[in-house]
Structures are given as C-alpha cells and as structure tokens.
Amino acid sequence: MSASALWIALGVLVLSTARSSEAARRLTTNPSRFANSTLVRLADYLLTGYKRGVRPVRDWRTSTTVSIDLMIYAILSVDEKNQVLTTYIWYRQQWKDEFLVWDPKEFDDVKQISILTNNLWVPDILINEFVDVGKSPDIPYVYVGNDGEVKNYKPIQVVTACSLDIYNFPFDVQNCSLTFMSWLHTVKDINISLLRSPEEVMFDKSVFMNQGEWELLHVLSAYSAFSIDGNDHYAEMKFSVVIRRRPLFYTVSLLLPSIFLMVMDIVGFFLPPTVERVSFKITLLLGYSVFLIIVSDTLPATAIGTPLIGVYFVVCMALLVISLTETILIVRLVHKQDLQPHVPEWVKYLVLERATVLFCIRNKHKFGPLHPKEVDVTQYKENNINSAKLNFLCCENPKHREKPMGMALPLRENTPVVDSILHEISFIRQYLEKRDEYRDIAKEWLQVGYVLDVLLFRVYLVAVLAYSITLGTLWSVWQYAE
C-alpha cells in the first residue's frame with residue numbers, strides 16, 4: 001500500500017516538472033513576451049552574482065573616484081531666525097563600477113542601460129550641512145555604460161544650516177555652503193572630484209528660476225581633504241552658493257514710509273512755535289510708532305544680531321523725540337516769558353550776537369537788541385516826580401493859577417485830594433513801567449526762542465542729512481557688491 005502511494009507521488013512530481021519545463025521553454029521562445037529581450041539578457045548578465053554591498057573594484061587598493069556636480073534650480077526659503085536655507089538642486093554623480101562592464105557587440109550594440117538603484121552599489125555621499133529631509137522625488141534608476149560608468153542624476157530639495165548675516169538687510173548677500181563628502185569611507189576608498197570645471201559651475205544659471213526674492217550670483221567650488229584623528233583623511237567638495245536679496249519690496253514698504261515721515265517732521269519746523277506745532281509732532285511720533293508695530297513682523301530677527309535697518313528705525317524714532325523736545329522747549333520760551341527773569345548777558349552774547357553771525361541767521365534787526373538806547377527807569381521816575389512837584393507849586397502861585405470853573409473847594413482843603421491823585425498817578429505809572437519791563441523780558445526771551453529755533457532746526461537738519469547720506473551710501477555699496 002505504501003509502495004503504490006510512493007510511485008503515484010513520484011509520477012505526479014515528474015509530470016509537474018515536465019509541464020514546468022515546457023512552460024519555461026515556451027516562455028523563452030515566445031518573442032512577444034519580451035519585446036526588448038536584449039536588455040533583459042544584459043540585465044541578467046550584469047546582475048548575476050553581483051554583490052551590491054561591496055565596493056566595486058577588483059583591486060582593493062584602488063580608490064573609487066566619485067565625480068559630482070550640481071545646478072541650483074530655485075531658492076525656496078531663507079529662514080533667518082532658525083538659520084536654515086532651503087534650496088532645490090539638480091544633483092549629478094558618476095563613478096566607475098568595474099563589475100558592470102560588457103561588450104556592446106554581444107548585446108546588439110547596447111552601450112547604456114538603466115538599472116534599479118537598489119540593485120547596485122551606491123557611494124554614501126551626503127551633504128554635511130543637512131538638518132532636515134526635504135521633499136525630493138524618488139528616482140529609482142541609474143544609467144550604466146558599457147565601460148562601467150554609473151550615472152546617478154536626481155533632483156534634491158536641500159534643507160541645510162547656514163550662517164546668515166542679516167546686518168545688511170534688505171541689501172544683504174548670503175554665502176551658504178553645501179559640502180559633499182563620504183560619511184564613512186576615507187580618501188583611500190572613496191575620493192571626490194568635480195564633474196565640470198570650476199568656471200562652468202561658477203557661472204551656470206541655465207536652470208535657475210530667477211523670478212523670486214533671491215538672485216543667484218555664483219557658485220564657488222573647492223576640494224579639500226581633512227583628518228579628524230590625524231590618521232584617516234576624508235575627501236570633501238564644498239560648493240559655496242552666493243545669493244543676493246532683491247530689495248525693491250522692502251524699499252517700498254519699509255524705507256519710503258519712514259523717509260516720508262521724517263521729511264514731514266522737518267517740514268514741521270516751518271510752522272510757528274505754537275501748541276499746534278507740538279500737536280503736529282506728537283501726531284507724527286504716534287504715526288511712526290504705529291508704523292514700527294506694523295513692520296515689526298517683516299524684519300528678520302535673530303538672537304545674535306539686529307539688522308541695520310532696525311537701528312535706522314530706532315534712530316529715526318529718537319530723532320522724532322528730540323524734535324518734539326526741542327519744540328516743547330521753544331514753545332516754553334515763547335509763551336511763558338512772564339514767569340522768567342531777564343535774559344542773562346552771556347545768553348544774549350552767545351545766542352543773539354555770536355550765533356546769529358556764526359550761523360548766518362537773517363533779519364538781524366529782528367534778533368538784535370530791542371532798544372538802541374537803554375532807558376534808566378530810576379531816572380525816569382525821578383523826572384516824573386519832579387515834574388509833578390513843579391506843577392503843584394505852580395498851582396499854589398496865584399499868578400500862575402487859573403480860575404476854576406464852577407464851584408471849587410479852597411486850595412488848602414484840596415491839598416489831601418491832590419496828594420491822593422498824585423499817589424494814584426504814581427501807582428499807575430509804576431504799574432505801566434512794570435508791565436513794560438515784563439514786555440521787554442518777554443521780547444528778549446522771544447528773540448532767544450526764535451534764534452534757538454532756527455539754530456536747533458539747522459543742527460537737526462544736518463544730523464538727519466548726515467545720517468541719511470551715510471546709510472544710503474552703505475546700502476548702495478552693499479546692493480552692488482558681489
């Protein structure tokens with residue numbers, strides 16, 4: 001019973017083997033199954049017994065040279081706060097695989113074939129500045145030539161760390177490095193070279209999208225070998241990507257509004273020194289504060305530095321505060337003179353005489369002394385008192401006395417009344433003289449206020465112009481520097 005079952009199982013096995021052999025024969029002899037059988041035959045020839053985990057050299061002392069190249073396609077983002085640059089590049093690398101060699105005559109003159117990357121040995125070349133994995137498309141194939149030349153071309157979204165200097169914002173030029181190296185193999189195993197000449201790589205902008213915020217200036221390349229412990233040396237190829245920001249948007253949205261507000265502050269000096277000028281400058285200061293709040297999100301921020309344009313805004317705010325303080329001082333001098341003493345002589349000399357000549361302030365009569373000849377108030381009072389006594393004596397002399405009209409009191413009885421009238425007249429005269437003295441003081445301080453107003457305006461104007469010319473020159477140099 002067991003012997004018969006064994007013979008039956010053996011017969012079934014032989015029959016299935018025969019059918020499989022027949023199916024395989026039909027499959028290989030059917031020309032419609034593989035239209036390009038040469039490629040299939042060549043792939044089988046190359047990959048049969050291939051060890052993808054071993055560096056493809058026949059002599060282990062031979063170094064595998066990997067030639068690399070890149071072309072910048074786009075600058076996706078520049079994160080100043082996190083010091084991260086995101087670019088999109090076209091990356092190419094080539095190397096010689098000594099185990100992937102064939103004679104084209106034996107394979108219908110096929111000199112190149114595409115093979116899955118997972119089936120081949122691939123060098124561990126990576127970018128040293130990588131900080132994140134970008135969203136790069138997966139290219140599963142590589143080209144292999146009949147001489148063993150392997151070409152691995154692929155686009156890569158590169159997210160790398162970069163030391164961004166934002167001091168010159170928005171006229172800044174950034175230099176970011178992309179360093180390609182083998183993370184494990186030394187230069188004895190894997191060496192790196194440049195696929196094209198450095199000049200061709202430097203000025204190649206053929207695929208760059210030149211419509212964004214950043215402009216590609218050039219790409220520098222340099223080869224170097226370094227050692228960590230002094231024994232093993234590693235090869236690296238560094239590409240320095242130099243880009244420049246286009247400042248038009250930031251000039252229109254940041255610089256021009258600030259310049260307009262500063263011009264309006266300068267024009268405000270032509271208003272008379274009154275409370276209205278103070279209100280005008282306070283309004284400008286509040287408007288500039290609102291402007292800074294709006295643009296604060298536009299300015300790049302880092303923990304180690306502040307852009308020069310931020311310093312520019314702070315200085316402009318300080319100038320507005322100084323202008324408001326100067327206006328308040330002048331208004332105080334012009335409108336609150338009655339509470340002040342006479343202008344000191346040294347102030348008159350420095351402000352009303354020396355400053356008007358030194359700074360060529362016009363209308364000298366307006367700013368000069370009020371009275372060419374000073375009046376001695378004491379002498380003026382004595383003359384008035386003597387005149388009053390003389391008139392009283394004349395009234396007592398009958399020869400000079402006129403007859404009064406109507407009923408009149410006797411002269412002796414009128415003496416206290418006359419004394420009272422003279423006292424009142426003297427009081428009124430003193431009041432008028434005091435008022436004239438206050439008016440003279442007011443006019444003196446008014447002169448000082450007007451001269452100081454013109455003087456401080458010119459100093460303020462020179463400071464603003466010097467500051468603006470300095471920054472404009474720096475920004476112009478930075479904009480056209482490469």
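What you are looking at is a predicted structure, and each value in this text was computed from that prediction instead of being measured.

Q: Please clarify how the packing of helix 5 (residues 275-295) against helix 6 (residues 308-335) should be interpreted in this entry.
A: Each packed pair of helices is defined by two parameters, the angle between the axes and the distance between the axes. Between helix 5 and helix 6, the shortest axis-to-axis distance is 9 Å and the interhelical angle comes to 165 degrees. Viewed along their axes, helix 5 and helix 6 adopt a mutual orientation that is roughly antiparallel. The crossing of helix 5 and helix 6 is left-handed. Every residue of helix 6 that contacts helix 5 at Arg277, Val278, Lys281, Ile282, Leu284, Leu285, Tyr288, Ser289, Phe291, Leu292 and Val295 is listed here: Phe313, Cys316, Met317, Leu320, Val321, Ser323, Leu324, Glu326, Thr327, Ile328 and Val331. Residue classes in the contact of helix 5 with helix 6 are distributed as 16 nonpolar, three polar and three charged.

Q: Before we go on, may I ask you to explain the UniProt feature "transmembrane region" (unreviewed entry) in the protein chain in this structure?
A: Annotation from UniProt places "transmembrane region" (unreviewed entry) at residues 248-271, 283-303, 309-331 and 455-478. Each end of residues 248-271 is marked by a C-alpha atom, and these two atoms are 34 Å apart; helix forms 83% of the span and strand 0%.

Q: Just checking my understanding: could you explain the pairing of strand 9 (residues 190-194) for this structure?
A: The two faces of a sheet get side chains in turn, since along a regular strand they alternate between them. The two faces of strand 9 differ: Ile190, Ile192 and Leu194 on one face are buried, but Asn191 and Ser193 on the other face are not. The pairing of strand 1 (residues 64-79) with strand 9 spans five bridges and is parallel. Pairing of Thr64 across the sheet is with Ile190, part of strand 9.

Q: In this structure, what is going on with the state of the cysteines? I would like to understand it.
A: Covalent bonding between the sulfur atoms of two cysteines defines a disulfide. Tallied over the entire structure, the rule returns one disulfide. At a sulfur-sulfur separation of 1.9 Å, the disulfide partner of Cys162 is Cys176. Across the S-S bond of Cys162 and Cys176 the torsion is about -85 degrees, and the bridge reads as left-handed. In this pair, Cys162 is assigned in the loop between strand 7 (149-161) and strand 8 (173-182) and Cys176 in strand 8, connecting sequence segments 14 residues apart. Neither Cys162 nor Cys176 differs from the other in exposure class; each is buried.

Q: So what exactly am I meant to see when it comes to the packing of helix 4 (residues 248-267) against helix 5 here?
A: Relative to each other, helix 4 and helix 5 sit at 170 degrees, their axes nearing to 10 Å. By the angle between their directions, the pair helix 4 and helix 5 is classed as roughly antiparallel. Along its contact with helix 4, which presents Ser253, Leu254, Pro257, Ser258, Leu261, Met264 and Asp265, the element helix 5 presents Phe280, Lys281, Leu284, Tyr288, Phe291 and Val295.

Q: Help me understand the packing of aromatic side chains in this model?
A: For any pair of aromatic rings, the description consists of the separation of the ring centres together with the inter-plane angle of the planes. Here the structure, examined in full by the defined rule, presents 16 aromatic pairs. The rings of Tyr288, Phe291, Tyr312, Phe313 and Tyr467 are connected pair by pair, giving a single aromatic cluster. The aromatic ring of Tyr153 is capped on one face by Arg92, whose charged end is 5.5 Å from the ring centroid. The ring of Phe269 carries Lys281 above its face, with NZ or CZ at 4.0 Å from the centroid.

Q: I would appreciate a short explanation of the sheet that holds strand 8 in the present structure.
A: Strands belonging to one sheet form pairs held by backbone hydrogen bonds; the direction of such a pair is parallel or antiparallel. With respect to topology, four strands assemble into an open sheet ordered 4-8-11-10, the strand pairing being antiparallel. Only two strands of the sheet have a single neighbouring strand rather than two, namely strand 4 (125-127) and strand 10 (214-227). On average, each strand axis in the sheet is tilted by 20 degrees relative to the strand beside it, whichever way the strands run. Where strand 8 lies against strand 11 (residues 233-245), nine bridges are found, and the strand directions are antiparallel. Bridging across to strand 11, Asn175 finds its partner in Val242.

Q: I'm lost on the pattern of salt bridges in this one. Help?
A: Between side chains of opposite charge, a pair can form when the charged atoms approach closely. Applying the stated criterion to the full structure yields eleven salt bridges. A salt bridge links Asp265 to Lys281, with the nearest nitrogen and oxygen atoms 3.0 Å apart. Residue Asp265 is located in helix 4, and its partner Lys281 is located in helix 5; the two are separated by 16 residues in the primary sequence. Considered together, Asp265 and Lys281 belong to a single accessibility category, that of buried residues. Residue Asp453 pairs with Arg277 through a salt bridge whose shortest N-O separation is 3.0 Å. Of this pair, Asp453 sits in helix 10 (residues 411-479) while Arg277 sits in helix 5, placing them 176 residues apart in sequence. For the pair Asp453 and Arg277, a shared accessibility class is recorded, and that class is buried. When salt bridges that share partners are traced, they join Asp69, Arg92, Arg196 and Asp204 into one network.

Calculation rules
- Residues numbered from 1 in each chain as written.
- Predicted model: local features only at pLDDT ≥ 70, side-chain atom pairs only at ≥ 80, totals over all residues.
- Heavy atoms only, no water.
- Axes fitted to C-alpha atoms, helices over the stretch in contact; angles between N-to-C directions.
- Helix = DSSP H or I, 4+ residues; strand = E, 2+ residues; numbered from the N terminus.
- Parallel < 35°, antiparallel > 145°, perpendicular 65-115°, else oblique.
- Left-handed = near helix turned anticlockwise from the far one by under 90°.
- Contact = heavy atoms within 4.5 Å.
- Nonpolar A, V, L, I, M, F, W, Y, C, P; charged D, E, K, R; others polar.
- UniProt positions renumbered as here; feature names shortened; annotations may be inferred.
- Buried < 20%, exposed > 50% of the residue type's maximum accessible area, 1.4 Å probe, protein only.
- Pairing = 2+ DSSP bridges.
- Disulfide = S-S within 2.5 Å.
- Phe/Tyr/Trp six-rings, centres within 6.5 Å; stacked < 30°, edge-to-face > 60°.
- Lys NZ or Arg CZ within 6 Å of the ring centre and 35° of its normal.
- Salt bridge = Lys/Arg side-chain N within 4 Å of Asp/Glu carboxyl O.

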